[in-house]
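Chain by chain, the residues:
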Amino acid sequence: MASCSVAPKEAESESTAIPNWVALPRDITANILLRLDTIEIVTSVRYVCPLWWNIFKDPLMWRTVQMTSLGDFYEQAMEICYYAIKQSCGHLENIFIDGFATDDLLQFIADNASNLRGLVLINCHGISDEGFCQAVKKLPLLEALNILWFNLSKDSLEVVGQCCPLLTILVFARSGSNCIIDGGLDDEAFVIAKTMVGLRDLKIPGNSLTNAGLLAILAGCPHLEILDIRACYNLHLDESLKKKCIDQIKDLLLPEPVYDDYWDEDRVTYRDSVIDDDSYDPYD
C-alpha cells in the first residue's frame, strides 16, 4: 500500500486554510467582483484592500450598475447611483434601478451613457413621460428595455420604437392589472407593431390589448420568439388565433381560459391569476 506523503497535521492545516483572495490573478478577481451589487461595491467591497480599491478605479468595472438591493441604503441610493455612473466614464452598458429613479437621474444616465444597451426601471414613479422621452432619444444603442410597475403612456413607447432601432427585448408591465391610462385598448399594441419590427422578446402582462392588437403585433413583429400576454383580460382567443400564436411564437405564455356563467362555451374569455408586483417575475 502506498504511503501518504503529507503528514496528518499538514493535511489538516491545508484543508482548513483560508483562501488567499488577494493572490488570485487580477483578471479573475475582477471577474468575480463584477457580479456584486453596486451598493455593496460602493459601501464596502472596494475598501477591503488596496488591490480591490485599484480594480474599481477601472471604468470598465462599472459597465453594469445594479441598484436593486438597497437595504439600509435607500436614502443614499441616488447619491450612490450618480457616483457609479460617473465612475463608468461613459462605459456604462447596463443599469438596473428599483424604486428611486427620477427624470433628472434618467437624463444624467442618457448624458453619460451613450453606449447603454440595457435599461431596467422598476417602481420608478418619479419618471414622467416627458422626462423618459427626452432621455431615451439619446440612447440609440438600447437593445433591452424593462419598464415595470409604474405608468408610462404609449407616447413613451413610440419614442422608444422610433429612436432605438436595435431594440430586441421589451418588458412593459404597468402599475396595476389591465390598466389603461389614455387612448384605446390597443394603442400600445399598435405602437409596438408599427415601430418595433426587430423585437424578439415581448412581455406585456396585464395589457389591455384585444384580438386586433395581438394580430397587429404578430404581423408587425415577424422576428418575435417570446411573447408573454398573461392577464390580458380583453383577449378572446378562438382556435384560429390561438393556433396562429402557437405556430409563430416559440415561447408563448397565454392567458388561461375561464368560462362565463353556466360554462357557456360561446362566451369564453381568457384570464389567469392577477399579476401583482410581488408574484410576477419578468425574467421567467
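See the structure above.
Quick caveat: nothing in here was measured; it's all calculated off a predicted structure.

Some thoughts on the overall build of the protein
Phase 1 of the analysis: Within the protein, the secondary structure is distributed over 11 helices and 10 strands.
Phase 2 of the analysis: Split into buried and exposed, the 284 residues of the protein put 43% on the buried side.
Phase 3 of the analysis: Put simply, 68% of the contacts in the protein that link residues at least 6 apart link residues at least 24 apart.
Phase 4 of the analysis: Carbon and sulfur atoms make up 53% of the accessible area of the protein, which amounts to about 14900 Å² in all.

Some points on the pairing of strand 1 (residues 64–67)
Phase 1 of the analysis: The side-chain alternation of strand 1 yields one buried face, formed by V65 and M67, and one unburied face, formed by T64 and Q66.
Phase 2 of the analysis: Bridge count between strand 1 and strand 2 (residues 94–98): four bridges; the pairing is parallel. Bridge pairing links V65 to I95 in strand 2.
Phase 3 of the analysis: Following the backbone out of strand 1, through helix 5 (residues 77–88) and into the adjacent parallel strand 2, one traces a crossover that is right-handed.

Structural notes on the sheet that holds strand 6 (residues 201–203)
Phase 1 of the analysis: A sheet is described by the order of its strands in space; here eight strands give the open sequence 1-2-3-4-5-6-7-8, paired in parallel fashion. This sheet does not close on itself; its edge strands, each paired only once, are strand 1 and strand 8 (251–253). Pairs of neighbouring strands in the sheet enclose a mean axial angle of 5 degrees, with direction left out of account.
Phase 2 of the analysis: When strand 5 (residues 169–173) meets strand 6, the two strands line up parallel, connected through three bridges. Looking at strand 6, one finds that I169 is bridged to D201.
Phase 3 of the analysis: Sitting on the sheet, helix 5 touches strand 1 and strand 2, and the angle it makes with strand 1 is about 175 degrees.

Looking at the pairing of strand 5
Phase 1 of the analysis: Burial within strand 5 is extensive, with four of its five residues counted as buried.
Phase 2 of the analysis: Judged from the five bridges that link them, strand 4 (residues 144–148) and strand 5 form a sheet pairing that is parallel. By the bridge assignment for strand 5, L145 is matched with L170.

A word on the state of the cysteines
Phase 1 of the analysis: Within this structure, the stated rule accounts for zero disulfides.
Phase 2 of the analysis: The thiol sulfur of C163 is not disulfide-bonded, and the nearest other cysteine sulfur, from C164, lies at 6.2 Å.
Phase 3 of the analysis: With a relative accessible area of 22%, C163 lands in the partly exposed category.

Quick notes on the side chain of T38
Phase 1 of the analysis: Its place among the elements puts T38 in helix 3 (residues 38–43).
Phase 2 of the analysis: In contact with T38, not counting residues within four places along its chain, are W62, T64, V65, Q66, M67, I80 and A84.

Notes on the pattern of salt bridges
Phase 1 of the analysis: Evaluation of the coordinates by the stated rule reveals eight salt bridges.
Phase 2 of the analysis: Note that D201 and K203 form a salt bridge whose closest N and O atoms lie 3.0 Å from each other.
Phase 3 of the analysis: On the basis of relative accessible area, K203 is assigned to the buried category, the value being 7%.
Phase 4 of the analysis: We note a salt bridge from K243 to D247, for which the minimum N-O separation is 2.7 Å. On the criterion of helical spacing, the pair formed by K243 and D247 is a turn pair, its members being four residues apart in helix 11 (residues 239–248). Judged on exposure class, the residue K243 and its partner D247 are both exposed.

What counts as what
- Residues numbered from 1 in each chain as written.
- Predicted model: local features only at pLDDT ≥ 70, side-chain atom pairs only at ≥ 80, totals over all residues.
- Heavy atoms only, no water.
- Helix = DSSP H or I, 4+ residues; strand = E, 2+ residues; numbered from the N terminus.
- Buried < 20%, exposed > 50% of the residue type's maximum accessible area, 1.4 Å probe, protein only.
- Contact = heavy atoms within 4.5 Å.
- Areas by Shrake-Rupley, 256 points an atom, 1.4 Å probe, with all protein chains shown as cover.
- Pairing = 2+ DSSP bridges.
- Right-handed = clockwise from strand over helix to strand, strands pointing away.
- Axes fitted to C-alpha atoms, helices over the stretch in contact; angles between N-to-C directions.
- Disulfide = S-S within 2.5 Å.
- Salt bridge = Lys/Arg side-chain N within 4 Å of Asp/Glu carboxyl O.

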